[in-house]
Structures are given as structure tokens and as C-alpha cells.
Amino acid sequence: MANGDTMIEHRLDADGADPLMLAGVNDRNMQELTRLFGIRVVMRGSHLILSGGLASIERSVPVVQHMIELARLRAPFDVPDIARFADGVDALGAEGIVHPSEQIRIAIPGSRKVIVPKSEGQRGYVEAIMNNDIVIGIGPAGTGKTYLAVACAVDALYKKRVRRIVLARPAVEAGEKLGFLPGDLQDKVDPYLRPLYDALEDMMPHERVQRALEESIIEIAPLAYMRGRTLSDAFVILDEAQNATTAQMKMFLTRLGLNSQVVITGDKTQIDLPKKQDSGLLEVEQILTGIEGISMIYLEPRDVLRHRLVKDIIKAYSDAADNEAADA
């Protein structure tokens with residue numbers, strides 16, 4: 001607590017909130033609030049009592065109030081979500097937290113999975129996909145770029161807005177030479193495409209994914225396979241686009257056919273091409289800005305969905321790169 005920061009106690013009404021959902025298993029949610037804000041949190045009857053410095057309490061109240069609302073609605077949230085709520089408040093104030101009634105929900109038919117954007121950046125990304133023919137999502141690892149794009153594609157397929165899903169990736173090795181890979185051509189390229197299979201199988205039963213692949217309703221292929229094709233009635237995703245060359249990117253974008261939608265995802269800090277300036281993602285970021293129907297969305301470290309340390313790791317690498325550039 002900063003010197004001179006007034007100690008106060010603030011009481012919030014939690015009547016109707018599921019106490020276990022609010023507190024978390026073994027009070028982990030309460031412990032996370034203490035870690036984030038340096039306050040003491042106690043549940044007493046139908047109230048939550050927050051104790052700490054005035055500034056810390058003011059920062060924490062919108063987050064705790066949001067947790068109470070979620071617990072009243074029986075809308076699940078995890079410990080990492082609390083840090084994202086806090087990031088939203090720090091960036092935009094109380095408006096940085098989306099009320100549950102305003103959340104975008106993607107329900108996958110045939111499963112109990114409901115996919116909800118968990119940050120303001122993710123919400124803007126999904127809204128852009130819903131409202132534009134071409135969306136370019138740029139941001140660090142773990143921000144949900146691929147996962148949310150695949151969720152939107154599956155949603156469009158089930159709602160019959162498109163007839164098929166096409167998922168593509170450049171077959172570029174990430175900093176190491178893998179050498180000879182056994183098997184036929186599909187066996188050789190599958191390791192590069194595995195993250196796309198993983199996203200699909202998290203949303204659809206394995207058997208349904210396999211059947212869709214066999215019937216070509218879903219196609220997962222290296223970017224090089226796209227040349228010469230016209231992709232109509234399709235939801236097309238180009239993942240890891242930072243490793244597409246400028247020529248490949250132009251080829252891919254000109255595949256767009258009638259009633260089709262394209263999402264391009266990439267991370268400018270993870271270019272594995274021999275020359276970074278050859279990245280098609282860097283080029284389209286410059287030349288496609290301002291074209292109606294094309295939306296450029298930037299996700300930030302605060303949108304990271306993985307372990308909370310991933311956000312700190314990304315920041316550490318970014319700071320190191322900035323320092324190196326300043327010293328050059």
C-alpha cells in the first residue's frame with residue numbers, strides 16, 4: 001500500500017450469487033483478487049467485504065461486481081478471467097468489462113460448448129468477423145486468433161451460411177530443420193496443420209470432424225495447395241500468416257469467391273521466413289488498410305488466454321526487443 005493511502009472497508013451485496021462459483025474452489029477467486037489488488041476479501045452472509053487502500057478498493061470494485069453478476073447468472077468464469085476483467089478496467093474503466101447480457105455467444109450444435117470472447121479485444125475481433133468479408137487478426141500467441149476464427153467458421157457452417165470450411169497454413173518450420181518425415185504427402189504436412197485439427201476437435205466430436213474431412217466439408221491444407229483455386233461458399237482461414245510470403249499472400253487473397261469469407265491470423269513477432277521483410281502479413285498490413293469490407297484487428301497481451309505467465313513472457317520479450325532496437 002502506498003504511503004498515505006487511506007484504509008477502508010467496502011461492502012458489496014452478493015445476494016443471489018452462487019457462493020461456490022463466486023469464491024472459487026478452495027477460495028481461489030478470492031485469493032486472486034488479493035494477488036491482483038492487494039486487498040482482503042471476506043464472504044459474510046450475502047455480502048462480500050473488501051478491505052484495503054482506497055485506490056486498490058476503487059480498482060477492484062468493478063471487477064468484483066462483475067464476478068457477482070456472473071455468479072448470479074450461473075455463468076462460469078475461471079481464475080485467469082479475473083485478471084482479464086482487471087485489465088479491462090485498467091484500460092477503459094468500468095466500461096472495460098462487458099456485461100453478461102451483452103456478450104457474444106457462439107453455441108456449437110451437438111455439443112455443450114458455448115464459446116464467449118473473454119476480453120474487449122476478442123469481442124471486437126469476433127464482431128469484425130461477423131461484419132466483414134475479410135478480417136486480418138494480428139496479435140501475440142494465446143490471444144485466441146485461430147480458436148475464435150475456427151469457432152466462427154463452425155458456427156457459419158452449422159447455420160448454412162457457407163457450405164464448407166477451408167483452413168490453410170504455410171508449411172514453414174519454426175526455427176529448426178525437421179529433416180525427413182516418413183509417410184505420404186499428407187503425413188508430411190499434418191504436423192504443420194495440427195493446431196487447426198486441435199481447434200476443430202475441441203468444438204466438434206472427433207468422429208464428426210473425420211466425417212467432415214472425408215466428405216470435403218472441412219478441408220485442412222498447406223497454403224501452397226490454394227494456387228489455381230476459386231473458393232466459393234466457403235469460410236476460409238489462413239493461420240500463421242506471418243510465414244506466408246508476399247507472393248503467397250496475394251495468391252491467397254485472390255482465391256476469394258462468391259459468398260465466401262476470409263480470416264487471416266498472424267503474429268508479427270514470430271516470422272520464421274529467412275527474410276522477415278518477405279512476410280505477406282507485413283505487406284497487407286500496409287496496403288489493405290482503409291478498404292471497405294476489410295477489417296484489421298490488433299489483439300494485445302491483455303487478450304492472452306493461456307497461463308497468466310504467458311502474458312508476462314510476451315511483455316518481457318517485447319521489452320527486450322525494444323531495448324535492443326534503442327541500443328542499435
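Notes on the structure in this doc start here. (Residues numbered from 1 in each chain as written. Predicted model: local features only at pLDDT ≥ 70, side-chain atom pairs only at ≥ 80, totals over all residues. Heavy atoms only, no water.)

This next bit is on the overall build of the protein chain. Helix and strand counts for the protein chain come out as 11 helices and 11 strands. A total of 328 residues make up the protein chain; the buried ones form 45% of that total. Contacts in the protein chain between residues far apart in sequence, at least 24 positions, make up 70% of those at least 6 positions apart. Working note: accessible area of the protein chain is about 17100 Å², and carbon and sulfur atoms make up 51% of it. (Helix = DSSP H or I, 4+ residues; strand = E, 2+ residues; numbered from the N terminus. Buried < 20%, exposed > 50% of the residue type's maximum accessible area, 1.4 Å probe, protein only. Contact = heavy atoms within 4.5 Å. Areas by Shrake-Rupley, 256 points an atom, 1.4 Å probe, with all protein chains shown as cover.)

So, on to the environment of Leu50. Along the chain, Leu50 falls in strand E3 (residues 47-53). Separated by 11 residues in the primary sequence, Leu50 and Ile39 place their C-alpha atoms 6.6 Å from one another. With residues up to four places along the chain from it excluded, the contact list for Leu50 reads Ile8, Glu9, His10, Leu12, Ile39, Arg40, Val41, Ile57, Ser60, Val61 and Val64.

A few words now on the packing of aromatic side chains. Throughout the structure, instances matching the rule amount to one aromatic pair. Seen in terms of ring centroids, Phe77 and Phe85 are 6.4 Å apart; in terms of plane orientation they differ by 55°. Their pairing is tilted. This pair shows no difference in class: Phe77 is buried, exactly as Phe85 is. (Phe/Tyr/Trp six-rings, centres within 6.5 Å; stacked < 30°, edge-to-face > 60°.)

On to the sheet that holds strand E1 (residues 7-13). Taken together, three strands build an open sheet; the order of strands is E1-E3-E2 and the sheet is antiparallel. Single-partner strands in this sheet number two, and they are E1 and strand E2 (40-44). Between one strand axis and the next, the sheet turns by 20° as a mean value, whatever way the strands run. Where E2 lies against E3, five bridges are found, and the strand directions are antiparallel. Paired with Arg44 across the bridge in E3 is His47. Across the sheet, helix H3 (residues 54-72) touches E1 and E3, and the angle it forms with E3 is around 160°. (Pairing = 2+ DSSP bridges. Axes fitted to C-alpha atoms, helices over the stretch in contact; angles between N-to-C directions.)

Attention now goes to the sheet that holds strand E11 (residues 294-298). Read from one edge of the open sheet, six strands run E8-E7-E9-E10-E6-E11, paired in parallel fashion. Only two strands of the sheet have a single partner each, and these edge strands are strand E8 (218-222) and E11. Neighbour-to-neighbour, the strand axes of the sheet open up by a mean angle of 15°, direction not taken into account. The pairing of strand E9 (residues 234-238) with strand E10 (residues 261-266) spans four bridges and is parallel. Paired with Phe235 across the strands is Gln261, a residue of E10.

Let us look at unusual backbone geometry. Phi angles above zero are rare outside glycine, and Lys160 is one such case at about 60°. The residue Lys160 is located in the loop between helix H6 (145-158) and strand E7 (164-169) in this model. Judged by its relative accessible area of 73%, Lys160 falls in the exposed class. Even without being a glycine, Asp233 presents a positive backbone phi close to 50°. Assignment of secondary structure puts Asp233 in the loop between E8 and E9.

Another aspect to go through is the packing of helix H9 (residues 246-253) against helix H10 (residues 280-287). At their nearest, the axes of H9 and H10 sit 7 Å apart, and the two run at 60° to each other. For the element pair H9 / H10, the angle class is oblique. The hand of the H9/H10 crossing is right-handed. For the pair formed by H9 and H10, the contact residues are Thr246, Met249 and Leu253 on the first element and Gly280, Leu281, Glu283 and Val284 on the second. (Parallel < 35°, antiparallel > 145°, perpendicular 65-115°, else oblique. Left-handed = near helix turned anticlockwise from the far one by under 90°.)

This brings us to the nonpolar core. Counting residues in hydrophobic clusters, the biggest one holds 37 residues, and the most contacted among them are Tyr125, Leu200 and Phe235. If you tally residues by element for this core, the top one is H6, at nine residues. For Leu200, the residues in contact, after removing those within four places along its chain, are Val150, Val154, Leu167, Val209, Ile218 and Ile220. (Core = buried A, V, L, I, M, F, W, Y, C linked by side-chain atoms within 4.5 Å.)

Let us look at helix H5 (residues 120-131). A rise of 1.5 Å per residue sets the reference length of H5, with its 12 residues, at 16 Å; its end C-alpha atoms lie 16 Å apart and thus fit the reference within 8%. When we look at burial in H5, the residues that qualify are Gln122, Arg123, Tyr125, Val126, Ala128 and Ile129. Residues of H5 that are buried in the fold lie against strand E4 (106-107), strand E6 (134-138), H6, E9, E10 and E11. (Expected span 1.5 Å × (residues − 1).)

The subject of this paragraph is the side chain of Thr265. With respect to the helices and strands, Thr265 occurs in strand E10. Residue class for Thr265 comes out buried when judged on its relative accessible area of 0%.

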